[in-house]
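Residues per chain are reported as follows:
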Amino acid sequence: MPVPVRYTRYLLFAIVGFFLFFFLFSGTSISIPTSPSKPISPSYEEFRAHKVQTPGANSTFRVNATFVTLARNSDIWDISKSIRTIEDRFNHNYNYDWVFLNDQDFDDDFKKLTTSLVSGTTYYGRIPKEHWSYPDWVDQEKARKAREEMGRKNIIYGESESYRHMCRFESGFFFHHPLMLNYEYYWRVEPNIELFCDVGTDPFRLLKENNKMYSFVISLYEYHETIPSLWSTVKEFIKGHPEHIPKGNAMDFISEDSGKTYNNCHFWSNFEVGSLDWLRSQEYTDYFSALDQTGGFFYERWGDAPVHSIAASILLKKEQIHFFNDIAYYHPPFTHCPSDEQARLDLRCHCNPNDNFDFRGYSCTSRWYKLNGWKKPPGVK
Ligand code: GDP
Ligand code: MN
């Protein structure tokens, strides 16, 4: 039976309505924005102390922070592993940004894959030439000979030119990259790392709320052959800038004799959560340029780990450096796994506590315990 003309407009509304409903509420065409404010589990300490009753309280709080990774295009698979572990154990709840830096242009494969893995926004930057080349005061011939000599002595990365640019960049420049300027805090991530426990507390937030500037999970001794003249350079800097050296710093972590000599202890900088504002401060700027002026990054093979660690130990108060005991972490070949069984269960850890490097002979973390007057876990000498 034909529909009377006066009803056709209702029929039209019904058809349009049906399609509108279908479009809005069905199938894959709807994209629900991933929320940065999903419930967040409370920090391990708070959890244990029963201070936090409802996981997820304050879960909307996010710090102005980013992950940062220096990588080559060829690192794509190894960095993908690291991203997955960070996302699964932490960032899927937060969606922090991720900045990728490279001395070459990133290719499309690298960008496509990493963007698909990161829950936050990804940015890709090329490092400016002046941050990855020889400063004009460095004698390149002398640098070349030094590399050859260190290669002959089989010093790790001793013969490598690019490794030296990398170390200098990480020591003095990554925080000045235009993509980093809008952030207050960074978390450095390298290829092939692993997290073994849930990250219970937002590390950025812990730093910010406690006025901390630098953090670590693993510490160890540096090969002296890579830094023969670093400490005398640092001593010159200290003499020239007493105003930058606060009382109550962590000098005793890195020196057994109040600064006369360096004991080679350093925080392992492939993991760092830290303050970018501190790295951009006058104190750190003066420190880095005093080091850079000597050419030691090229004539020797100064690593960014001792460079950052010495800076943190002399320029900051001891309390401004944080040991993330509850972040279980692996970068080849060392593991940090919390000794406390309850912590491992609460944070769903899958590391073997026997692999924990903290109190082995080559680690400096015992020294950090001593400096802070902490008791070592039961069974550890
Ligand atoms: P290791 O941890 O000291 O053995 O050194 P890595 O090989 O892990 O290098 C440290 C970091 O710098 C990693 O994030 C690497 O991806 C990165 N890296 C090292 N060399 C280069 C390089 O020549 N170019 C770029 N773009 N990144 C590099
Ligand atoms: Mn590495």
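Use the structure listed above.
Note that this is a predicted model, so its numbers are computed, not measured.

Let's shift gears to the site of ligand 1. Around ligand 1 sit 14 residues, and of these Leu70, Asp75, Asp103, Tyr157 and Tyr163 come closest. One of the side-chain nitrogen or oxygen atoms of Tyr163 is found 2.5 Å away from an oxygen atom of ligand 1. Measuring from an oxygen atom of ligand 1, one finds a side-chain N or O atom of His331 at 3.2 Å. The fraction of the free accessible surface of ligand 1 (570 Å²) that becomes covered by protein chains is 84%. Under a 2 Å grid-point criterion requiring more than half of the atoms, the pocket assigned to ligand 1 is the largest pocket. Residue contributions to the shell around ligand 1 peak at three residues, all from helix α6 (residues 161-172). A per-class count over the shell around ligand 1 returns seven nonpolar, three polar and four charged.

Here the focus is the layout of surface pockets. Taken as a whole, the largest pocket spans an internal volume of roughly 970 Å³. Taken together, 38 residues make up the lining of the largest pocket; nearest its centre are Tyr157, Tyr163, Met166, Glu190 and His331. Going through the elements one at a time, α6, β7 (219-221) and α13 (304-315) are the ones with two or more residues in the lining of the largest pocket. Among the residues making up the lining of the largest pocket, the classes are represented as 20 nonpolar, eight polar and 10 charged.

As a further point, take the coordination of the manganese ion (ligand 2). Surrounding the manganese ion (ligand 2) are the protein donor atoms Glu190 (OE) and His331 (NE2), at 2.0 to 2.2 Å. One end of the pair, Glu190, is in the loop between β4 (185-188) and β5 (194-195); the other, His331, is in strand β11 (residues 329-331), and 141 residues separate them in sequence. The burial state of Glu190 is the same as that of His331; both residues are buried.

Right, let's talk about the sheet that holds β4 for a bit. Strand order in the open sheet made by the five strands is β3-β2-β1-β4-β9, with mixed pairing throughout. With partners counted over all chains shown, the strands left at the sheet margins are β3 (122-126) and β9 (272-275), one partner each. With strand direction ignored, the average angle separating the axes of adjacent strands in the sheet is 25°. Each of β1 (65-70), β2 (97-102) and β4 touches helix α3 (residues 76-89); the most contacted strand, β2, lies at about 160° to it.

Further remarks concern the packing of helix α11 (residues 282-293) against α13. The interhelical angle for the contact between α11 and α13, taken along N-to-C directions, is 135°, at an axis separation of 11 Å. The angle between α11 and α13 falls in the class oblique. For the crossing formed where α11 meets α13, the hand is right-handed. Counting all contacts with α11, which are made through Glu283, Tyr284, Tyr287 and Leu291, the residues of α13 involved are Pro306, Val307, His308, Ile310, Ala311, Ile314 and Leu315.

So, on to a nonpolar patch on the surface. Among the surface-exposed residues, Ile156, Tyr157, Tyr223 and Tyr362 lie close enough to one another that they form a single nonpolar patch of about 390 Å² accessible area. Position of Tyr157 relative to the elements: it lies in the loop between α5 (140-152) and α6.

Turning to helix α4 (residues 108-117), a few remarks are in order. Restricting attention to buried positions, one finds in α4 the residues Phe110, Thr114 and Leu117. Across the axial projection of α4, the buried residues extend over an arc of 55°, all falling on one side. Opposite the buried face of α4, at more than 90 degrees from it, the exposed residues are Asp108, Lys112 and Ser116. Where α4 is buried, its residues touch α3, β2 and β3. Measuring from the side-chain oxygen of the N-cap residue of α4 to the backbone nitrogen of Asp109 gives 3.3 Å; that N-cap residue is Asp107.

Moving on: the packing of aromatic side chains. Per the stated rule, a full pass over the model turns up 48 aromatic pairs. When the centroid spacing of 6.4 Å and the interplanar angle of 80° are considered together, the rings of Phe100 and Phe106 count as edge-to-face. Here Phe100 falls in the buried class, since its relative accessible area comes to 0%. Plain terms: the ring middles of Trp132 and Phe169 are 6.0 Å apart, the flat faces sit at 50° to each other, and that makes the pair tilted. Residue Trp132 is located in the loop between β3 and α5, and its partner Phe169 is located in helix α6; the two are separated by 37 residues in the primary sequence. The ring of Tyr299 has Lys142 sitting right over it, with the charged end atom 4.0 Å from the ring centre.

Conventions adopted
- Chains are numbered independently. Their residues run from 1 in the order of the written sequence.
- By the order in which they are written, chains take letters starting at A while ligands take numbers starting at 1.
- With the structure being a predicted model, the display of local features is reserved for residues of pLDDT at least 70 and the display and counting of side-chain atom pairs for 80 or more, all residues being used for whole-chain, interface and lining totals.
- Calculation of side-chain values draws on the structure's entire complement of heavy atoms; hydrogens and water are dropped beforehand.
- Working definition: residue near molecule or strand if any one of its non-hydrogen atoms lies within 4 Å of it.
- As used in this structure description, the phrase polar contact means that two N or O atoms lie within 3.5 Å; if the pair is within protein, one of them must be able to donate a hydrogen and the other to accept it, and residues adjacent in sequence are counted only when both atoms belong to side chains.
- Per-residue and other accessible areas were derived by the Shrake-Rupley procedure at a 1.4 Å probe size, with only the shown protein chains allowed to occlude residues.
- Both cavities and pockets are sets of points on a 1 Å grid over the protein atoms alone; in a cavity a 1.4 Å probe fits but cannot get out, in a pocket the set is open with protein on both sides within 12 Å along at least five of seven lines, and lining residues sit with an atom within 4 Å of a point.
- What decides whether a molecule sits in a cavity or pocket is whether more than half of its atoms lie within 2 Å of the grid points.
- Here a helix means four or more residues in a row that DSSP labels H or I, a strand means two or more in a row labelled E, and each is numbered from the N terminus.
- Three classes are used: nonpolar for Ala, Val, Leu, Ile, Met, Phe, Trp, Tyr, Cys and Pro, charged for Asp, Glu, Lys and Arg, and polar for all others, with Gly counted as polar.
- Grid points are joined across faces, edges and corners, and a volume is the space filled by probe spheres set on the points.
- A 2.8 Å cut-off from the metal defines N, O and S donors, relaxed to 3.2 Å for Na, K and Ca; water is not in the atom list, so some sites may appear incomplete.
- For every residue, the accessible area obtained with a 1.4 Å probe (protein chains only) is divided by the maximum for its type, and the residue is called buried under 20%, exposed over 50%, and partly exposed between those limits.
- Pairing between strands is defined by DSSP: at least two bridges between the two strands are required.
- The convention used is that axes are lines fitted to C-alpha atoms, helices contributing only their stretch in contact, and that angles between N-to-C directions extend from 0 to 180 degrees.
- Residue contacts follow a heavy-atom distance rule, with two residues in contact if any of their heavy atoms lie within 4.5 Å.
- Any angle from 65 to 115 degrees is called roughly perpendicular, while one under 35 is roughly parallel, one over 145 is roughly antiparallel, and all others are oblique.
- Whether a crossing is left-handed or right-handed is set by the direction in which the near helix is turned from the far one by less than a right angle, anticlockwise for left-handed and clockwise for right-handed.
- For patches, a residue must show more than 30% relative accessible area and have no salt bridge; joins then use 9 Å for like charges and 5 Å for nonpolar side chains, namely Val, Leu, Ile, Met, Phe, Trp and Tyr.
- What makes a salt bridge here is a side-chain nitrogen of Lys or Arg within 4 Å of a carboxyl oxygen of Asp or Glu, nothing more.
- Of all possible arcs, the one meant is that of the directions from the helix axis to the C-beta atoms.
- Stacked, edge-to-face and tilted labels apply to pairs of Phe, Tyr and Trp rings (six-membered ring for Trp) whose centres lie within 6.5 Å, assigned for plane angles under 30 degrees, over 60, and everything in between, in that order.
- When the NZ atom of lysine or the CZ atom of arginine is within 6 Å of a ring's centre and also within 35 degrees of its normal, the charge is said to sit over that ring.

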